[in-house]
Amino acid sequence: MTAPSATSPARSWIGIALVFGAAVAWSYGGAIQRFIGVDDGWTIVFWRCLFAGLFLMAFMLLRDGPRGTVRLFQAMGWPGAAIAAGFALVSTCFVLAVTMTPVANVVLFMASIPLFAALLARIALGEPITPLTWASIAAVIAGVAVMVSASIGEGGSALGLALAATIAVTFAGMTVLTRRFPGIRMTPAASLGCFIASFFAATQAGSFAVGLQDLALLFAFGALNLGLGMALYVTGARMIPSALAALLGTTEMILAPIWMVLLHAEVPSARILLGGGIVMAALFTYLISHFMTERRNRFRAAA
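Topic: the state of the cysteines
For step 1, the next point in the chain: For the structure shown, the criterion picks out 0 disulfides.
For step 2, the next point in the chain: Summary of cysteine pairing: cysteine 49 is not part of a disulfide, and the nearest cysteine sulfur, belonging to cysteine 194, is at 5.1 Å.
For step 3, the next point in the chain: Among the cysteines around cysteine 93, which has no disulfide bond, cysteine 49 carries the closest sulfur, lying 11 Å off.

Brief notes about the nonpolar core
For step 1, the next point in the chain: Grouped together as the largest cluster of nonpolar side chains are 85 residues, with contacts concentrated most on Ile36, Ile83, Phe87, Val106 and Ile167.
For step 2, the next point in the chain: Considering each element in turn, this core owes the most residues, 11 residues, to helix 4 (residues 77-98).
For step 3, the next point in the chain: In this structure valine 106 touches Phe94, Ala97, Val98, Thr101, Ala164 and Ile167, once residues within four positions along its chain are discounted.

Notes on helix 9 (residues 186-204)
For step 1, the next point in the chain: For helix 9, with 19 residues, the first-to-last C-alpha span of 27 Å sits near the 27 Å given by 1.5 Å per residue.
For step 2, the next point in the chain: Buried residues along helix 9 sit in contact with helix 3 (41-74), helix 4, helix 8 (158-180) and helix 10 (212-236).

Side note on the pattern of salt bridges
For step 1, the next point in the chain: Under the defined criterion, the tally for this structure stands at 3 salt bridges.
For step 2, the next point in the chain: The shortest N-O distance in the salt bridge between arginine 34 and glutamate 266 comes to 2.9 Å. Separated by 232 residues along the polypeptide, arginine 34 in helix 2 (residues 29-35) and glutamate 266 in the loop between helix 12 (251-264) and helix 13 (270-302) bring together distant segments of the chain.
For step 3, the next point in the chain: For arginine 179, the salt bridge is made with glutamate 127, and the minimal N-O distance between the two is 3.1 Å. Of this pair, arginine 179 sits in helix 8 while glutamate 127 sits in the loop between helix 6 (113-125) and helix 7 (131-153), and the two are 52 residues apart along the sequence.
For step 4, the next point in the chain: Residue class for glutamate 127 comes out partly exposed when judged on its relative accessible area of 28%.

Focus on the packing of aromatic side chains
For any two aromatic rings, the description comes down to two numbers: the centre-to-centre distance and the angle of the planes.
For step 1, the next point in the chain: Under the definition given, this model contains 8 aromatic pairs.
For step 2, the next point in the chain: Ring centres of phenylalanine 51 and phenylalanine 219 lie 5.4 Å apart, and the angle between their planes is 80°; on these two criteria the pair is classed as edge-to-face. A residue pair is termed long-range when its members are at least 10 positions apart, and phenylalanine 51 in helix 3 and phenylalanine 219 in helix 10 qualify at 168 residues.
For step 3, the next point in the chain: The buried category is assigned to phenylalanine 51, whose relative accessible area is 16%.
For step 4, the next point in the chain: Owing to a relative accessible area of 38%, phenylalanine 219 belongs among the partly exposed residues under this scheme.
For step 5, the next point in the chain: Cluster of aromatic residues (ring-pair linked, three or more members): Phe46, Trp47, Phe51, Phe208 and Phe219.
For step 6, the next point in the chain: The ring centre of phenylalanine 221 lies 4.1 Å from the NZ or CZ of arginine 48, which sits over that ring.
For step 7, the next point in the chain: Of note, arginine 180 hangs over the ring of phenylalanine 181, and the distance from its end group to the ring centre comes to 4.7 Å.

What counts, and at which threshold
Residues numbered from 1 in each chain as written. Predicted model: local features only at pLDDT ≥ 70, side-chain atom pairs only at ≥ 80, totals over all residues. Heavy atoms only, no water. Disulfide = S-S within 2.5 Å. Core = buried A, V, L, I, M, F, W, Y, C linked by side-chain atoms within 4.5 Å. Buried < 20%, exposed > 50% of the residue type's maximum accessible area, 1.4 Å probe, protein only. Helix = DSSP H or I, 4+ residues; strand = E, 2+ residues; numbered from the N terminus. Contact = heavy atoms within 4.5 Å. Expected span 1.5 Å × (residues − 1). Salt bridge = Lys/Arg side-chain N within 4 Å of Asp/Glu carboxyl O. Phe/Tyr/Trp six-rings, centres within 6.5 Å; stacked < 30°, edge-to-face > 60°. Lys NZ or Arg CZ within 6 Å of the ring centre and 35° of its normal.

Pasting the structure below:
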């Protein structure tokens, strides 16, 4: 979601490490939420997004200083505000979806984001879609259909699946918006989005009272999962090609179900694994092809 700059090999490896670290940080979000003993999902949204917003604010203050942070927010404009609203919606839907459906469903739905973004970019920006991309989109739709049929057939929550789909569609729309306005800075937008989500959750939550252990888990859920992941990603993604950053980001979709199996014995069903496998295969094919095309274009430009 950010444009790469010219980089040295050493700087590229730093970028790879940072983006990979972001994917790892994001991957254990569902596992943390399963440990939290708070029944009210809106209370979880309030505390998680509050801690994440404060973490990102502190990150900007350390990186850019008070005046630089103010300038970042002033320069957002309506595209930045729209991205912030998208972050608020995604952050809220993730917490609520995980309370209603297996984590594997949520993260595997999210794996389809790059392909749905390509489809939306075709509609909104007129960007061409290659035959390989069309085939990948068709495979993703088939894989999602298999996962949905498995979840509904096993008594899963249709609302949870709808929330997971909302995350994918919203993120795809945010991706297209950043293509249209590549100057959008993601850190202030994400921080503002977290505060918006926390404020709205405060109007819906039955209580803000949580135990000390749950408060520590909520801090980790917000600051060390959502906030740290975003800080690592926005820093590293500027050092490497966008397709490589997206490819490294798929680590989150692979690790998240593994954490759930190891820590909570939440084993996805065979059909969910089948549908998720179809989605991940389509995503890898698309991203690797996009990465190779990007490399060829850079070599031609250098020549």
